[in-house]
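Listed here are the chains, written in short residue letters.
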Amino acid sequence: MARTKDPAVRTLLIERAAQMLRAREPVTLRAVVAGTGVSTMAVYTYFGGMDGLWRAMRQEGFTRLAAELATVAVTADPVRDLAALGSAYLSNALANPDLYRVMFDAGFDLEDPAAADESLHTLVRAAERAKEQGRFRADVDPLTLATQSWAIGHGLASLVTTGPLPRAALGNGAPMLTALYVSCGDDPASCRESVAAGWRLG
C-alpha cells in the first residue's frame, strides 16, 4: 500500500532548504534533513531528489505569492487595485524572504509555469480595467504597464529583503507607482488618492 505523504514534511523541507540558501550554507541532501527528524529518503519520496526540491521551492514561492495577491479585492478603482497588488507583492516577499530569493532562480524549472505567470496576469487585468475606464491613455499597453509595476515592486522587495535598504524604503513605492501611472495618462490628484488607498506599506 502506498504511504500517505504528509504535507507538513514537504513544507518543512522546502523551508529548511530555502533558509540554508539564504544563509549561504551548502544545500546538500544530508544537510537539508539534518535536525528535521526525517531521513534523506524523504527528499526522494516528496521531490524525487534534490532537483525536484529546488523546483518545489521555486513553485512554493509563487504559490504563496498567488495566495497573497488573491487577498486583494477587486474594486471600482482599478488604479487603487494596481497599487494594492504591488503592496501585496511586497508583503509576500517580506513574509517569505527565503523563498523569495529562490523564486527567480531560472536554473531550475517550475513545476507549474502557468501558475507563476498568473501573478503577472493579475496585474495586466487591473491595468486593462484602468484603461477601459479612461484612467490611462488608449495607447498604453497593459502588459507593458504591468511589467513596469512589477519591476518597481521587485526592485524594492529585492533591496529590502536582502538587506541593502531598510524597511522604511518601501515608502518609495507609492510615489514611484504614482509617477508611472500619471505618465500613462492618469490625473495626478486622482492617481495620488488611488495609490494611497491601495498602498499598505511605508
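Residues numbered from 1 in each chain as written. Predicted model: local features only at pLDDT ≥ 70, side-chain atom pairs only at ≥ 80, totals over all residues. Heavy atoms only, no water.

A. Representation of the pattern of salt bridges. Counting across every chain of the model gives nine salt bridges. One salt bridge in this structure joins Arg-135 and Asp-186, with 2.7 Å as the shortest N-O distance. Here the residue Arg-135 occupies a position in the loop between helix H7 (113-132) and helix H8 (142-161), and Asp-186 occupies one in the loop between helix H9 (173-183) and helix H10 (188-198), the gap between them amounting to 51 residues. Residue class for Asp-186 comes out buried when judged on its relative accessible area of 4%. Connected through shared salt-bridge partners, Glu-15, Glu-60 and Arg-64 make up one network. (Salt bridge = Lys/Arg side-chain N within 4 Å of Asp/Glu carboxyl O. Helix = DSSP H or I, 4+ residues; strand = E, 2+ residues; numbered from the N terminus. Buried < 20%, exposed > 50% of the residue type's maximum accessible area, 1.4 Å probe, protein only.)

B. Highlighting the packing of H9 against H10. Running from amino to carboxyl end, H9 crosses H10 at an angle of 140°, the nearest separation of the two axes being 9 Å. Relative to H10, the element H9 lies oblique. The way H9 lies across H10 gives a crossing that is right-handed. Every residue of H10 that contacts H9 at Ala-174, Thr-178, Tyr-181 and Val-182 is listed here: Pro-188, Cys-191, Arg-192 and Val-195. (Axes fitted to C-alpha atoms, helices over the stretch in contact; angles between N-to-C directions. Parallel < 35°, antiparallel > 145°, perpendicular 65-115°, else oblique. Left-handed = near helix turned anticlockwise from the far one by under 90°. Contact = heavy atoms within 4.5 Å.)

C. Examining the packing of helix H5 (residues 78-95) against H10 more closely. Where H5 meets H10, the axes come as close as 7 Å, and the angle between the chain directions of the two elements is 40°. On the basis of their axis angle, the class for H5 and H10 is oblique. Where H5 crosses over H10, the two elements pack in a sense that is right-handed. Contact residues: Val-79, Arg-80, Ala-83, Ala-84 and Ser-87 in H5; Cys-191, Ser-194, Val-195, Ala-197 and Gly-198 in H10.

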